[in-house]
Amino acid sequence: MSEASLSDNKMSATCSLSEELRDLLPQTKEDFKLDFSEKVEKSVVVLLHQARELFYEGKKNECLKTSEIIRDYSWEKLNTGNWRDVDKEWRRVYSYGCLLKALCMCLKTDDIAEAIRVCDMGLLMGASILGNILVKVVNVLQKHLQHGKRPSETGIEELSKKKTKSDHTLTPAVKLGTAVPQLQCPSLEFFRKNYLVPQKPVILEGIANHWPCMKKWSLDYIQEIAGCRTVPVELGSKYTDEEWSQSLMTVNEFISKYIVNKIPELKQDICIPDYCCLGNGEEEDITINAWFGPAGTISPLHQDPQQNFLAQVLGRKYIQLYSPEESEFLYPHETQLLHNTSQVDVENPNLIKFPKFTKASYQSCILNPGQILFIPVKYWHYVRALDISFSVSFWWS
Amino acid sequence: MCTTPPQCTRPRRPSAVYSHTPPPGYNPQALALGEDVSSFPGDRRLVLSGSVNGQLSGCRDAMASEQHVLVLRVEVEGTPAEVQAWAAASELQGEPLWTRKILRQGGRKKDSGSGDQAGGHGGSPLDPALLPLVPEPGWYVSPRQPFSQPLAPELKARQLVLGAEHALLLDETGQVYTWGTGRLGQLGHGALEAELEPRQVEALQGLTMAQVAAGGWHSLCVSEAGDLYIWGWNESGQLALPSRAIAEREKTVAGAKIPATVGDGDPAQFISIQPFPAFLDLPSGSEVSTASCGSRHTAVVTRDGELYTWGWGKYGQLGHKNTASLDQPQRVDYFADNLLHVEAVICGPWNTYVYAVEGKN
């Protein structure tokens, strides 16, 4: 080591990263549990055992190759059949593959951003293993990541240009008689009796405006905390377009390419609305999503299978709501994939093709930062972002 | 790739499961993920090798999955043929997990007499079986539970191939039917809906197909005229259509040739799902004689004895001496360089078996 011309800083940084990662892992290979149901083929279990063996013997290169096979094989299983039918065991196998790969990569080549990407794939598509170890590994890796790869100033400039040049610059007027009612901090009972039980939308004020995210979330902050993390991104102005697609990329890439969720750390800045306790489900069954996109982003008219609180953090959203009783006027798609989506473009309806749409009665609002909109289950909703927008949605039952 | 094994006129159809090229210095035995199943017509012996080893006599044909081996077997000459499913882990010892007798020998040849005993006495052996079709109409088999499935006899199936979640059937008049899940466009009907029953691929109506092949999530067929049609999932370029993943990898590899057509992430030009058949021209304009698909790659033999491959290449399955994936057909130069004339190709999920003979002039 004394003869190496490596800078001492780099060497000690690598060592401390290895040590920190090692501390997260079980000390012995016997404690590194590999238990799977019979769903997982014997040959795959053999490979997992081999990979574990190689890792604890310090044979990083060989472990890396074996983990790649494990990842690739289980990835094909994850892509077979509907996602909800994919056996959790295969998602666990995939997570093991990602974990071992990330550990071997890191310790070998010091390519930390790529290791984070691999862990994120395990978090997005895998299932929890070894006490949710991937989250811990990512945290350690993030700490050691050099901050050199931030989007340049140009990125931010282009962003502000985009902001002034939005497609729909006119803010729609909320039609008289259609406005969604607004309430300041209603009691649980009042909300339950007057809105949850009769399933009526309402805007809640004074609830979210104290959340840390309202003050803290800005583009810079998001990039600092989560820039290197991989998230799913929808591309295309709306998902009913032919060119719509989904893609995986880091938050930095998304910001620098298109602007301008799945990050547990950002969760600390938001709070689950108390009203969710009126539901039947457990708190851990509440699905929280963060939505982040440029002005003009449209979610076409659709319905969701759970109750929804939509909290607006930054920017404004124009929203139109239709009760499920109006469904017959909304022309849902007939295919299985899109049967919860209307064929009608709400702000530009084709009334020759969809004549009954004029009969559908609706409510509308502009949701401002600090406000939460209650969208009852299966309530049809159409959303257009009027500015660069951050929202957080809570799906609960 | 393997060349012609010795002592064998022509290997029937290897049915390979998962395996990969071990890196130098590594013990291949320990790393093989699955098993190789080969059947040699000379002695009708099934040989299993790789992570499990075993043998079975009297086998006419075989198919393997990671957990099961399915064989068409005449255990004793003169007795009826049977389909047997074995657990791979059993190493073909003991008893099969499941069996079903072939009651009537139909198949391609004319029946000699009205005898309903299959097999032997010097009479015609079972036709080269076309698993998963069996020489008895009304059902077909697969090396996964449930091992047999009904098949409408009216379809007069000539060839049947199975993907991860779908099936393609070629009938006697050269028409193609598909069924199964359609989520990735593999059925070729233009939408992403599943089909529970065989449905004809209307886009190919009127064309006479000679062969069909199925990959994990893509499909292809070869017409009598030697044209190639392909559809389904293109995430690794297995349809020879522009793939985003490949374009992005090429951009980041230093010094790599950047294809002129790659824009800066314009999503519209990449195709990840092709839901109805696309005609595919090979670079040389050659006619296709036979083709096969792996999990996410495709291999095609031309009438001039050349082999083209494309799609996922990470485990060397494309045979271009590297592990790059390709979204355009590329000739496998190994055969021309060694004066070998390619006659047949069979793909396992992540590998490719080629049958080639010394070059004809």
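Residues numbered from 1 in each chain as written. Chains lettered and ligands numbered in written order. Predicted model: local features only at pLDDT ≥ 70, side-chain atom pairs only at ≥ 80, totals over all residues. Heavy atoms only, no water.

(A) Broad picture of the sheet that holds strand S19 (residues 288-293) of chain B. Residue and element names in this part refer to chain B. Across the sheet, which stays open at both edges, the four strands sit in the order S19-S20-S21-S22 with antiparallel pairing between neighbours. The sheet is open, and its two borders are formed by S19 and strand S22 (326-331), each paired with just one other strand. Neighbouring strand axes in the sheet, compared pairwise and without regard to direction, differ in orientation by 15° on average. Across five bridges, the pairing between strand S20 (residues 297-302) and strand S21 (residues 307-311) is antiparallel. Bridge pairing in S21 links Thr 298 to Trp 310. (Pairing = 2+ DSSP bridges. Helix = DSSP H or I, 4+ residues; strand = E, 2+ residues; numbered from the N terminus. Axes fitted to C-alpha atoms, helices over the stretch in contact; angles between N-to-C directions.)

(B) Representation of the domain arrangement of chain B in the model. Residue and element names in this part refer to chain B. Annotation of chain B at the domain level lists domain 1 (56-103 + 132-147) and domain 2 (149-360). Computed over C-alpha atoms only, the centres of domain 1 and domain 2 are separated by 28 Å. On the side of domain 2, 12 residues touch domain 1, which itself brings 11 residues to the contact. Contact between domain 1 and domain 2 buries roughly 980 Å² in total, counting both sides, with carbon and sulfur atoms accounting for 65%. Where domain 1 meets domain 2, there are zero salt bridges. (Domains from an automatic or database assignment. Contact = heavy atoms within 4.5 Å. Buried area = accessible area lost by both parts, 1.4 Å probe. Salt bridge = Lys/Arg side-chain N within 4 Å of Asp/Glu carboxyl O.)

(C) Structural context of the sheet that holds strand S17 (residues 228-233) of chain B. Residue and element names in this part refer to chain B. Ordered by their spatial adjacency, four strands build an open sheet running S15-S16-S17-S18, and the pairing between neighbours is antiparallel. With one partner strand each, in any of the chains shown, strand S15 (209-214) and strand S18 (273-280) form the two edges of the open sheet. Between one strand axis and the next, the sheet turns through 15° on average, direction left out of account. Both strand S16 (residues 218-223) and S17 contribute to a ladder of five bridges, which runs antiparallel. What sits directly across from His 218, in S17, is Gly 232.

(D) Expanded view of the domain arrangement of chain A. In terms of domain boundaries, chain A breaks down into domain 1 (17-146), domain 2 (176-211 + 270-396) and domain 3 (218-265). Look at where the C-alpha atoms of domain 2 of chain A and domain 3 of chain A centre, and you get two points 22 Å apart.

(E) Inspection of the state of the cysteines at higher detail. Evaluated as defined, the whole model comprises zero disulfides over all chains. The thiol of A:Cys276 is not disulfide-bonded; the next cysteine sulfur, from A:Cys277, is found 8.1 Å away. The class for A:Cys276 is buried, based on a relative accessible area of 6%. Distance from the sulfur of B:Cys221, which forms no disulfide, to the nearest cysteine sulfur (B:Cys293) is 10 Å. The exposure class assigned to B:Cys221 is buried, which follows from its relative accessible area of 0%. (Disulfide = S-S within 2.5 Å. Buried < 20%, exposed > 50% of the residue type's maximum accessible area, 1.4 Å probe, protein only.)

(F) Helix H6 (residues 133-144) of chain A, seen in detail. All names here are of chain A. Relative to the 16 Å expected for 12 residues at 1.5 Å per residue, H6 spans 17 Å between its end C-alpha atoms, a close match to the ideal helical length. Counting buried residues in H6 gives nine out of 12 residues, a clear majority hidden from the surface. Among the residues making up H6, those that are buried are Ile 133, Leu 134, Val 135, Val 137, Val 138, Val 140, Leu 141, Gln 142 and His 144. (Expected span 1.5 Å × (residues − 1).)

(G) Geometry of the environment of B:Leu168. All names here are of chain B. Positionally, Leu 168 belongs in strand S12 (residues 166-171). Leu 168 sits in the buried class, given a relative accessible area of 0%. Along the chain, Leu 168 and Ser 219 lie 51 residues apart, while their C-alpha atoms are 7.7 Å from each other. With near-sequence residues (within four places) excluded, Leu 168 lies in contact with Gln 159, Leu 160, Val 161, Val 176, Tyr 177, Thr 178, Val 212, Ala 213, Ala 214, Ser 219, Leu 220 and Trp 231.

(H) View of the pairing of strand S24 (residues 352-358) of chain B. All names here are of chain B. Of all the seven residues making up S24, five are buried; the element is thus mostly covered by neighbouring parts of the structure. Where strand S23 (residues 340-347) meets S24, seven bridges bridge the pair, whose relative direction is antiparallel. For Leu 340, the partnering residue across the bridge sits in S24 and is Glu 358. From the end of S23 to the start of S24, which pair antiparallel, there are four residues.

(I) Representation of the nonpolar core. Residue and element names in this part refer to chain A. Core analysis: the largest hydrophobic core is formed by 55 residues, its most contacted members being Phe 32, Leu 48, Phe 55, Val 93, Leu 99 and Leu 141. Of all the secondary structure elements, the ones that give two or more residues to this core are helix H1 (8-24), helix H2 (42-56), helix H3 (60-78), helix H4 (88-109), helix H5 (112-125) and H6. The element contributing the most residues to this core is H4, with 11 residues. Leu 99 has contacts with Phe 32, Ile 129, Leu 130, Ile 133, Leu 134 and Val 137, leaving out every residue within four places of it along the chain. With 36 residues, the next largest nonpolar core counts Met 249, Ile 255, Tyr 275 and Trp 396 among its residues. (Core = buried A, V, L, I, M, F, W, Y, C linked by side-chain atoms within 4.5 Å.)

(J) Summary view of H2(A). Residue and element names in this part refer to chain A. Here H2 contains 15 residues, and its C-alpha end-to-end distance of 21 Å stays within 8% of the 21 Å for a straight helix at 1.5 Å per residue. Those residues of H2 lying buried are Ser 43, Val 44, Leu 47, Leu 48, Gln 50, Ala 51, Arg 52, Leu 54, Phe 55 and Tyr 56. Positive phi shows up at Gly 58, right after H2, with a value of about 80°.

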